[in-house]
Each structure stands twice: as structure tokens, then as C-alpha cells.
Amino acid sequence: MNEIQLEKVEFEPGKSFKLFSPRLRNTFLWHYHPEFELVYVEADAGIRHVGAHISTYTQSDLVFIGGNLPHLNFDYRLRSDYHQIVIQLRTDFLGTALALAPELSLIKQLFKTAEYGIAFSGETKQMVSEKLKQLADLDSLAQLLELINILQLLAGSTETERLNSDLTSRDFILKDKIRMGAIYEYIDANFHKKPDVNLVAHKVNLTTPAFCRYFKRQTNITFTEFVNQYRIERAKNLLMQNHNVSETCYAVGFESISYFNKLFKQITGENPSDFRRNWYVKSSH
């Protein structure tokens, strides 16, 4: 059984943060760490899985993740070329200044909200991405000062989405890292087939009724609802990569195009062909 892994973050001597560009697209890495993490990735379309939240990002994604919030690597299963910048902050980043300096009060609040995971969009994402791309060319002190500027910019933004409504799922996942890791990996490997609730229940040593209760308590939705949401997010990903509606429907495991259309509209608010058309209109501007 695969466990949700604790990542041990190593920092260079004399550095309060780590700046790097990981490439893990062929690795299903469900992990967590006490350090805060800022992730920027440029790609056609990818999956964002933070805590109990799953959604699709397009063209680029900018997310700030609090300590010990389990998440999947943002470059998982990316097919086309991509660019990723990750910053991990020491747990004592800025030391007591964060608690004591009134000038840092917005950043202090940002760190508190990051416990739920925050995605940024619009001009905020655009401005921060430009700053992140220039960080590597600066010396250590200039990097730190620019990073504080970036955090202040994020802290003052209204172009945000909180990814988890509460911390219950995070705490459940961390308490049961082996079981939840095995469930998520099973769903990811089998979403396009017919994920069998009896099989996954057996895999994690629960009876089927006990598993259904357990899963609903963890995620606030049923196993079937979760699988369908996962399939629809994967479908959105394929539609953004120029696959047509019928091949997308079958690729993510639906046998009926009419049911796929109905469920897609129910979850996203528009049918697959409209979603695909609107995406290409938006991305061409």
C-alpha cells in the first residue's frame, strides 16, 4: 500500500527558503511537509489536487500551500512541455517578525489562509509569475526581499480561491496516510475503467459499508461522486488538449455520451462542446 509521503525538505546553509524547478510528471507523488510552498507551473492543462480539493488548471497555475497540507505534484501526467517554479519556506521563515511587525500583518493572514490552500488568478498570477521567473538571477538578499514583495502582493490580492472549505479533511488524511494514499492511487489508476468500490474497500482492509462511511467522512461526498468528479476534471483536461467530445467521453471511462454530457453540465455548468469551444476562444486571446 502506498503511503502519503512526508517530504524531507533540505535547505542550503544560510538560506531561509528553497527555490527549484522539479520535474516529476511520471511520478504520482502524494506528499506533505511542514514547510509552506508556493508553486507556479506553466502547462497546457493539468490537475490540481490539494487536500480534498480536485480541479483542473489551464495554461498556468499559482498556488500557495500551508504546512502539512497533503498535495499531488502539479506536473503529474503533463504530456506537453512545461515550466515549474517551486519555493519552499522554512517553518520559522521571518522568525518572530511575522508575529510582531505590524507591517507584515497581511502576510501573517496569508499564511493562516494558506492552511486551506489558495489558488491565484488574473493580474496577480501574471505579476507574480514574472517576479518568480527573475528570482534565480538575484543574489540571496535580493531574492529574500523580492520574495517578501511577492508574498505582500499575494496577501493583498482579491483574485483568490480557497481550495478547501475546512481543515477536517487535511487532519483525516494525515491521520490515515497509508489508507488515503492507497485510495487516491487506486482512483487515479482506474478512473477510466470501472473503479470497483468492493475492490478498493478490500484493498484498504474495510468492509464495503465501512469503506463507504469512511470515504464520505473523509471527503464529504460518496465514492461514486468523487470518481465522477475526478473523471470530469480529467475530461476537461483532454478537451483543452483538442480531443473531441466522444473520444474524451470514452477515454475517461463513460460508456454513454448522453450521460457524460449530462454529468459534465451538472458539475461544470456547461456541456462539453461548449466548454471546449469557450476554452479555445479564451486561449486564443
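Higher on the page you've got the structure.
In what follows, the accompanying structure is described. As the structure is a prediction and not an experimental result, all values here were calculated from the model.

Attention now moves to the overall build of the protein. Within the protein, the secondary structure is distributed over 12 helices and 9 strands. A compact globule built from 285 residues should have a C-alpha radius of gyration of about 19 Å, and the protein, at 20 Å, falls within 12% of that. A burial count over the protein gives 48% of its 285 residues as buried. Contacts in the protein between residues far apart in sequence, at least 24 positions, make up 74% of those at least 6 positions apart. Per element, the accessible surface of the protein, about 13900 Å² overall, is 50% carbon and sulfur. Looking at the protein, you have 33 positive and 33 negative side-chain charges, and the mean spots of the two groups are 7 Å apart.

Attention now moves to the packing of helix α2 (residues 105-113) against helix α4 (residues 140-155). Two elements in contact, α2 and α4, have axes separated by 8 Å at closest approach and are oriented at 70°. Of the possible angle classes, the one that applies to α2 and α4 is roughly perpendicular. Contacts between α2 and α4 involve Leu106, Ile107, Leu110 and Phe111 from the former and Ile148, Leu151, Gln152, Leu154 and Ala155 from the latter.

Here the focus is the packing of helix α5 (residues 168-175) against helix α8 (residues 208-219). Two measures define how a pair of helices packs: the angle their axes make with one another and the distance between the axes. Running from N to C, α5 and α8 point in directions that differ by 130°, and their axes come no closer than 8 Å. Between α5 and α8, the angle falls in the class oblique. For the pair formed by α5 and α8, the contact residues are Ser169, Phe172 and Ile173 on the first element and Arg217, Gln218 and Thr219 on the second. Tallied by class, residues from the contact of α5 with α8 come to 2 nonpolar, 3 polar and 1 charged.

With that settled, consider α5. Buried residues of α5: Ser169, Arg170, Phe172, Ile173 and Leu174, and no others. Against the buried residues of α5 lie β3 (30-32), α6 (177-190) and α8.

This part covers the environment of Ala52. The topology assignment puts Ala52 in the loop between β4 (36-50) and β5 (53-65). When the C-alpha atoms of Ala52 and Leu163 are compared, they prove to be 8.4 Å apart, with 111 residues separating the residues in sequence. Contact partners of Ala52, with chain neighbours within four places excluded, come to Asn164, Ser169, Ile173 and Tyr184.

What follows concerns the layout of surface pockets. One way to see where empty space is left: roll a probe the size of a water molecule over the atoms. Within this model, the largest pocket holds a volume of roughly 440 Å³. Together, 23 residues line the largest pocket, and Thr56, Tyr57, Thr58, Met240 and Lys282 are the ones closest to its centre. Those elements giving two or more residues to the lining of the largest pocket turn out to be β5, β8 (118-120), α3 (122-135), β9 (160-162), α9 (223-240) and α12 (272-284). The element contributing the most residues to the lining of the largest pocket is β5, with 7 residues. Of the residues in the lining of the largest pocket, the class split is 6 nonpolar, 9 polar and 8 charged.

Criteria and thresholds
Sequence order as written defines the numbering, with residues in each chain counted from 1. A pLDDT threshold of at least 70 governs which residues receive local features in this predicted model, and a stricter bar of 80 or more applies before side-chain atom pairs are shown or counted, although totals over entire chains, interfaces and linings include all residues. Computation of side-chain values covers all heavy atoms of the structure but excludes hydrogens and water. Working definition: helices are DSSP H or I runs of at least four residues, strands are E runs of at least two. Numbering for both runs from the N terminus. For a compact globule the rule gives 2.2 Å times the number of residues to the power 0.38, and the radius of gyration it is set against comes from C-alpha atoms. Throughout this description, buried means an accessible area under 20% of the type-specific maximum (1.4 Å probe, protein chains only), exposed means over 50%, and partly exposed covers the range between. Throughout, a contact is declared for two residues whenever any of their heavy atoms are within 4.5 Å. Per-residue and other accessible areas follow the Shrake-Rupley method at a 1.4 Å probe size, with only the shown protein chains counted as cover for residues. Positive charges come from Lys and Arg alone, negative charges from Asp and Glu alone, with His and the N- and C-terminal ends not counted. Charge positions are represented by NZ for Lys, CZ for Arg, CG for Asp and CD for Glu. Every axis corresponds to a line fitted to the C-alpha atoms, with the helix fit spanning only the stretch in contact, and the corresponding angles, defined between N-to-C directions, vary from 0 to 180 degrees. We call two directions roughly parallel when the angle between them is under 35 degrees, roughly antiparallel when it is over 145, roughly perpendicular when it lies between 65 and 115, and oblique otherwise. Ten residue types, Ala, Val, Leu, Ile, Met, Phe, Trp, Tyr, Cys and Pro, are classed as nonpolar, four, Asp, Glu, Lys and Arg, as charged, and the remainder, Gly among them, as polar. Here the term cavity refers to a set of points on a 1 Å grid, laid over the protein atoms alone, in which a 1.4 Å probe fits but cannot get out; the term pocket refers to an open set having protein on both sides within 12 Å along at least five of seven lines, with lining residues being those that place an atom within 4 Å of a point. Grid points are joined across faces, edges and corners, and a volume is the space filled by probe spheres set on the points.

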